[in-house]
Amino acid sequence: VPYDYSATSDTADEVLGLSGASADALATWTGSTYAVYPNLPGDGGTQTLPGVGYWVREPAAAPIVLTGATVPSPYTMTAHGMWNQIGDPFTSPVPWSQVTISGGTLGSAVFAYSPISNSYVGATTLEPFQGYWIFIIPSGSGAITITYAD
């Protein structure tokens, strides 16, 4: 989700219009397990974080209900070794060449899930509101920095 909600009390279910949805309608990978709403890595377990990819299960496509603050560029977030679920923290596309990883190297391609083919496909650009998988070597912690340039 390309917005920062940390200065608000807006919860992920309010932002995404998921009220009344099942408790497992929103989840993200934390490096060793899935964190499921209302136990997300954000404030109090109920807020989304910019730059993090999420699985959202909803009965039909729906727009984000509440926009948050935009994120300044460059945006840096914690990375863990092995698989990371990330997203574009900005409201505009970012070429993968504008992403740097410190404390490790990209172990393979960047993957996005395609609901059309029901499979993962390679990606060269991070798109807003799309999640991605990246594999970082070695296993340990580091940082992912995403830079948006007009």
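Structure: see above.
Summary of the structure given here. Fair warning: this is a prediction, and the values are worked out from it, not measured in the lab.

Details of the layout of surface pockets
Argument step 1. By volume, the largest pocket amounts to about 720 Å³.
Argument step 2. Around the largest pocket, the lining comprises 25 residues; the ones closest to its centre are Tyr54, Val56, Phe129, Gln130 and Gly131.
Argument step 3. At the level of elements, β3 (55-56), β4 (75-87), β8 (110-114) and β11 (131-146) are the ones that each hand at least two residues to the lining of the largest pocket.
Argument step 4. If one sorts the elements of the lining of the largest pocket by residue count, β11 sits on top with three residues.
Argument step 5. Residue composition of the lining of the largest pocket, by class: 17 nonpolar, five polar and three charged.
Argument step 6. Per-element accounting of the lining of the second largest pocket gives the leading share, seven residues, to β4.

Description of the sheet that holds strand β1 (residues 26-29)
Argument step 1. Here three strands make up an open sheet; going across it, the order is β2-β1-β3 and the pairing antiparallel. In this open sheet, the two strands that pair with only one neighbour each are β2 (34-36) and β3.
Argument step 2. Of the pairings in the sheet, the one linking β1 to β3 comprises two bridges and is antiparallel in character. The residue of β3 that forms the bridge with leucine 26 is valine 56.

Quick notes on the packing of aromatic side chains
Argument step 1. All chains considered together, the criterion is met by ten aromatic pairs.
Argument step 2. Note on tryptophan 29 and tyrosine 34: the rings are 5.0 Å apart at their centroids and 70° apart in plane angle, and the pair reads as edge-to-face.
Argument step 3. Residue tyrosine 34 is classed as partly exposed on the basis of its relative accessible area, which comes to 38%.
Argument step 4. Ring geometry for tryptophan 83 versus phenylalanine 135: centroids 5.0 Å apart, planes at 65°, classification edge-to-face. One end of the pair, tryptophan 83, is in strand β4; the other, phenylalanine 135, is in strand β11, with 52 residues separating them in the sequence.

Digging into the nonpolar core
Argument step 1. Ile86, Trp96, Leu126, Tyr132, Ile134, Ile144 and Ile146 are the most contacted members of the largest nonpolar core, which totals 19 residues.
Argument step 2. Ranked by residue count, the leading element in this core is β11, at five residues.

Points about the side chain of threonine 145
Argument step 1. Among the structural elements, threonine 145 can be located in strand β11.
Argument step 2. For threonine 145, a relative accessible area of 17% translates into the label buried.
Argument step 3. A polar contact is formed between the side chain of threonine 145 and the side chain of threonine 76, at a distance of 2.9 Å.
Argument step 4. Those residues within four positions of threonine 145 in sequence are excluded, and the remaining contacts are Pro74, Tyr75, Thr76, Gln98, Val99 and Thr100.

Brief notes about the side chain of threonine 48
Argument step 1. Tracing the chain through its elements places threonine 48 in the loop between β2 and β3.
Argument step 2. Discounting chain neighbours no more than four positions away, the residues touching threonine 48 are Val1, Tyr5, Ala12, Leu26 and Tyr54.

What counts and what doesn't
- Residues numbered from 1 in each chain as written.
- Predicted model: local features only at pLDDT ≥ 70, side-chain atom pairs only at ≥ 80, totals over all residues.
- Heavy atoms only, no water.
- 1 Å grid on protein atoms, 1.4 Å probe; cavity = no way out; pocket = protein on both sides within 12 Å on 5 of 7 lines; lining within 4 Å.
- Points joined across faces, edges and corners; volume = space filled by probe spheres on them.
- Helix = DSSP H or I, 4+ residues; strand = E, 2+ residues; numbered from the N terminus.
- Nonpolar A, V, L, I, M, F, W, Y, C, P; charged D, E, K, R; others polar.
- Pairing = 2+ DSSP bridges.
- Phe/Tyr/Trp six-rings, centres within 6.5 Å; stacked < 30°, edge-to-face > 60°.
- Buried < 20%, exposed > 50% of the residue type's maximum accessible area, 1.4 Å probe, protein only.
- Core = buried A, V, L, I, M, F, W, Y, C linked by side-chain atoms within 4.5 Å.
- Polar contact = N/O pair within 3.5 Å; in protein donor to acceptor, adjacent residues only side chain to side chain.
- Contact = heavy atoms within 4.5 Å.

Without other data, these values stay purely geometric and don't point to any function.
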